[in-house]
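Architecture at a glance
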Amino acid sequence: MDVRVEDQIVINKLQAYSSADDSYWSFKGRSTRKHCHALIQYPAMMVPQMQGELIDAIQSVDSNITTVFDPFVGSGTTMGESMMRGLDFVGHDINPLAILACEVKSGPLYVRKLDEKIISVLGFIEQNNVSEVAVSFKGIDKWFLPEVQLELSTIYIAIKAEPSKWARKIFWLALSNTVRSTCNSRSSTYKLHIKSEEQIEKIGSAKNIFKKNLLKSFENIKAQKAMLAEKGYLNRSKGIGQVTIKNVDAKLRKKSKLKFDLLVSSPPYGDNSTTVTYGQFSYLPLQWIDLTDINENIDSSMLSYQNAIDSSSLGGSLKESKDKRLKLINRSSSLEKCIEKILKVNPDNIKKLISFVYDLDLSLKNAIEELRENAYMIWTLGNRRISDIEVPLDRIMRELLESRGCTYVYEIERTIPSKRMASRNQIASTMGKESVLIMRR
Ligand SMILES: C[S@@+](CC[C@H](N)C(=O)[O-])C[C@H]1O[C@@H](n2cnc3c(N)ncnc32)[C@H](O)[C@@H]1O
């Protein structure tokens, strides 16, 4: 079959990078997280520079791109890169913490006012010590030392006293990073897992950590604003691109009338019980945030128990896996082969794979319905293992998308240099590799 001219140009462009340097896509030494990308620590974040270059490559053949869509927006890596290109952006995620992070990153970036407000909130925190814990939730005493609870409560009260919602959101995000550093759960895993007594003894002062985090956030917001201004994409204190962030479940979304021009995204990797537990990662920070400050209406039942977010995420329900398999059977031969292999080793584990792929497929259906004709999709994917068998998510995704009428354009396989924080390669399992699958609607 003839390759469409535009697709060939994209292929040539991407191939040129790797033929000049075969480790080009590893982004080793070029993947620092700066400005808005450094505002939150979130699991499995993409490399901003790489997503930016991929957007540029697609824009070079498709000059009609105005709106970028990310149905699994997470910390908003693609959002930040879209803003830096003056593009409109729509991002969805099931996790309220992701929504808060994206709302902060999208501005407004009132740097001068923020400076004053930071002085005032830090002054309050320094001068006050509350004597009652400001929030209550199941397990609070397990996950926080009594003195940490009181310090976090003082910060909580100080943030609540700030009159401007845009500033409170920045403060909540800095508090969320503080909660992660001062809770009794290990930082080496995204799951809630109690630290050793020795580690708990070393937990620092929440007030000091918050101050450090907030001052860092200020520098990052200032840098983001300066960069947008330098590129000519700043209008007063906002990026010129319009940003819309919504708290939605990708697999349930109803059709909208919008048609996006480019999709750039990274779905979760697999079942939640063994891979990235975005919900568990966010559970403790979200208990210390006033959710009514998030613009989007947040369903508070998402916080009712530790696994509530993860159970609603892709692959969260293992029910009806036989029926689900039947619905997928003719759509992806790679999936079927993988199921057969796992069946021989550990039959119970196929439910996880089937449920995840079934939910992923529903999300793909919803996502492509929101794209205009010939819109490109850039999917960053990790291949993980179940029962020590590699799940070829890249091939499964390609086949599922082809069965829905999409065209394969190109695939990049990249090695992931190891990072300090539990990173994509620990999760993606296959020797620190991930794929970028480029398809067209
Ligand atoms: C790989 S992460 C995205 C990371 C993002 N690309 C970044 O750089 O930060 C996948 C995201 O999918 C979200 N997610 C999982 N299940 C979802 C669902 N059913 N609907 C919407 N989002 C979901 C998770 O909350 C997580 O934020």
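The text that follows walks through the structure, step by step, so that each part is easy to find. (Residues numbered from 1 in each chain as written. Predicted model: local features only at pLDDT ≥ 70, side-chain atom pairs only at ≥ 80, totals over all residues. Heavy atoms only, no water.)

1. Examining the overall build of the protein chain
A count of helices and strands for the protein chain gives 17 helices and 11 strands. For the protein chain, the C-alpha radius of gyration of 22 Å lies close to 22 Å, the compact-globule estimate for 441 residues. Seen along its three principal axes, the alpha-carbon backbone of the protein chain occupies a region of about 70 × 55 × 40 Å. Summed over all atoms, the accessible surface of the protein chain reaches about 19,300 Å², with 48% contributed by carbon and sulfur. Positive and negative side-chain charges in the protein chain, numbering 63 and 52 respectively, have mean positions lying 1 Å apart. (Helix = DSSP H or I, 4+ residues; strand = E, 2+ residues; numbered from the N terminus. Rg over C-alpha atoms; globule rule 2.2 N^0.38 Å. Areas by Shrake-Rupley, 256 points an atom, 1.4 Å probe, with all protein chains shown as cover. Lys, Arg positive; Asp, Glu negative; His and termini not counted. Charge placed at Lys NZ, Arg CZ, Asp CG, Glu CD.)

2. Focus: the pairing of strand 1 (residues 67-70)
Here strand 1 shows no split at all, with Thr67 and Phe69 on one side and Val68 and Asp70 on the other all buried. Inspection of the sheet shows strand 1 paired to strand 2 (residues 88-93) by 4 bridges, in the parallel sense. What sits directly across from Phe69, in strand 2, is Val90. A crossover links strand 1 with its parallel partner strand 2, the connecting element being helix 3 (residues 77-83), and its sense is right-handed. Pairing of strand 1 with strand 6 (residues 260-265) involves 2 bridges; the strand directions are parallel. Residue pairing for strand 6: Val68 is matched across the bridge by Leu262. (Buried < 20%, exposed > 50% of the residue type's maximum accessible area, 1.4 Å probe, protein only. Pairing = 2+ DSSP bridges. Right-handed = clockwise from strand over helix to strand, strands pointing away.)

3. Here's the deal with a positive patch on the surface
There is a patch of like positive charges on the surface, built from Lys337, Lys341, Lys344 and Arg395. The element best represented in the positive patch is helix 14 (residues 333-345), accounting for 3 residues. In this structure, Lys344 sits in helix 14. With a relative accessible area of 72%, Lys344 lands in the exposed category. (Patch = residues over 30% accessible without salt bridge, like charges linked within 9 Å, V, L, I, M, F, W, Y side chains within 5 Å. Salt bridge = Lys/Arg side-chain N within 4 Å of Asp/Glu carboxyl O.)

4. Considering the site of the ligand
Taken together, the neighbourhood of the ligand is formed by 24 residues, with Tyr42, Ser75, Thr77, Asp93 and Ala250 sitting nearest. Between the ligand and Asp93, the relevant distance is 2.7 Å, taken from an oxygen atom to a side-chain nitrogen or oxygen of the residue. The separation between a nitrogen atom of the ligand and a polar main-chain atom of Leu314 is 3.2 Å. When isolated, the ligand has an accessible area of 600 Å², and the protein chains bury 100% of it. Placement of the ligand is best described as lying within the largest cavity. Here the shell around the ligand is built from residues that sort into 14 nonpolar, 7 polar and 3 charged. (Near = heavy atom within 4 Å. Polar contact = N/O pair within 3.5 Å; in protein donor to acceptor, adjacent residues only side chain to side chain. 1 Å grid on protein atoms, 1.4 Å probe; cavity = no way out; pocket = protein on both sides within 12 Å on 5 of 7 lines; lining within 4 Å. Sits in = over half its atoms within 2 Å of the grid points. Nonpolar A, V, L, I, M, F, W, Y, C, P; charged D, E, K, R; others polar.)

5. A short note on the nonpolar core
Counting 96 residues, the largest nonpolar core has Phe144, Phe171 and Phe210 as the members making the most contacts within it. Those residues in contact with Phe144 that lie beyond four places of it in its chain are Phe137, Gln149, Leu152, Val179, Thr182, Cys183, Asn184, Leu284 and Trp288. Counting 38 residues, the second-largest nonpolar core is a separate cluster that includes Val90, Phe356, Ile368 and Trp379. (Core = buried A, V, L, I, M, F, W, Y, C linked by side-chain atoms within 4.5 Å. Contact = heavy atoms within 4.5 Å.)

6. Focus: helix 7 (residues 146-160)
Given a rise of 1.5 Å per residue, 15 residues ought to cover 21 Å, and the 21 Å separating the end C-alpha atoms of helix 7 matches this to within 8%. All of the buried residues in helix 7 are Val148, Gln149, Leu152, Ser153, Thr154, Ile155, Tyr156, Ala158 and Ile159. On its buried face, helix 7 sits against helix 5 (111-127), helix 6 (140-143), helix 8 (165-182) and helix 10 (206-231). (Expected span 1.5 Å × (residues − 1).)

Without other data, these values stay purely geometric and don't point to any function.
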